[in-house]
Amino acid sequence: VERRLFWRTDFARAVRVGPWKLLQDRRDAAMTRLYDLREDPGEQVDLSAADPVRAQRLLDALDAWEATLPAPGWPRVMDWRECSGGECRDFAI
């Protein structure tokens, strides 16, 4: 059995299984990305469209894991957006 690593914040979440990593921004379903870290350790090539079955399996695992967690018990303190090279990323603390 491969070890699964899960992570989440306010709106971002991720799962890693073996060399595969899936990231999702729950505010925008188009912001779901799949990477093969063995071939692409810098996470430059999104493979979610090329391998939708794997992406869905990882999303299902992420959903199942998250369903076991309680709702966050801490307030959001701040949000900020960082833009570079025409791409923006949102962060929440």
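The model shown is predicted, which means the values in this text are computed figures rather than measured ones. (Residues numbered from 1 in each chain as written. Predicted model: local features only at pLDDT ≥ 70, side-chain atom pairs only at ≥ 80, totals over all residues. Heavy atoms only, no water.)

Draft legend 1. Molecular detail of the environment of Ala49. Position of Ala49 relative to the elements: it lies in the loop between β4 (32-36) and α1 (52-67). Note: C-alpha distance between Ala49 and Leu5 (44 residues apart in sequence) is 22 Å. (Helix = DSSP H or I, 4+ residues; strand = E, 2+ residues; numbered from the N terminus.)

Draft legend 2. Structural context of the nonpolar core. In this structure, Val15, Val17, Trp20, Leu22, Leu34, Ala55, Leu58, Leu59 and Leu62 together form the largest nonpolar core, which totals 9 residues. Among the elements of the structure, β2 (12-17), β3 (20-25) and α1 are those that each provide at least two residues to this core. When residues no more than four places from it in sequence are discounted, the contact partners of Leu62 are Phe6, Arg13, Ala14, Val15 and Leu22. (Core = buried A, V, L, I, M, F, W, Y, C linked by side-chain atoms within 4.5 Å. Buried < 20%, exposed > 50% of the residue type's maximum accessible area, 1.4 Å probe, protein only. Contact = heavy atoms within 4.5 Å.)

Draft legend 3. Local environment of the side chain of Asp40. Looking at the element boundaries, Asp40 is found in the loop between β4 and α1. It is Arg33 that comes nearest to the buried, bridge-free Asp40 among opposite-charge side chains, at 10 Å. Polar contacts involving the side chain of Asp40 include one to the main-chain amide nitrogen of Gln44, which spans 2.9 Å. A distance of 2.7 Å separates the side chain of Asp40 from the backbone nitrogen of Val45, its partner in a polar contact. (Lys, Arg positive; Asp, Glu negative; His and termini not counted. Salt bridge = Lys/Arg side-chain N within 4 Å of Asp/Glu carboxyl O. Polar contact = N/O pair within 3.5 Å; in protein donor to acceptor, adjacent residues only side chain to side chain.)

Draft legend 4. Highlighting the state of the cysteines. Overall, the coordinates contain 1 disulfide when judged by the stated rule. Disulfide partner of Cys83: Cys88, at an S-S distance of 2.0 Å. What sets the handedness of the Cys83 and Cys88 disulfide is the S-S torsion sign, and at about 105° it is right-handed. Owing to a relative accessible area of 33%, Cys88 belongs among the partly exposed residues under this scheme. (Disulfide = S-S within 2.5 Å.)

Draft legend 5. Representation of the confidence of the model for the chain. Mean pLDDT over the chain works out to 88, with 91% of the residues at or above the 70 mark. Of all the helices and strands in the chain, strand β6 (residues 87-92) carries the lowest mean pLDDT, 76, while β4 carries the highest, 96. (pLDDT = per-residue confidence, 0-100.)

Draft legend 6. Broad picture of the sheet that holds β4. The strand order across the open sheet built from 4 strands is β1-β2-β3-β4, with neighbouring strands paired in antiparallel fashion. If you trace the sheet from one side to the other, it starts and ends with β1 (4-8) and β4, each paired once. In this sheet, adjacent strand axes meet at a mean angle of 10° when their direction is disregarded. The pairing of β1 with β2 spans 5 bridges and is classified as antiparallel. Bridge pairing in β2 places Leu5 opposite Arg16. (Pairing = 2+ DSSP bridges. Axes fitted to C-alpha atoms, helices over the stretch in contact; angles between N-to-C directions.)

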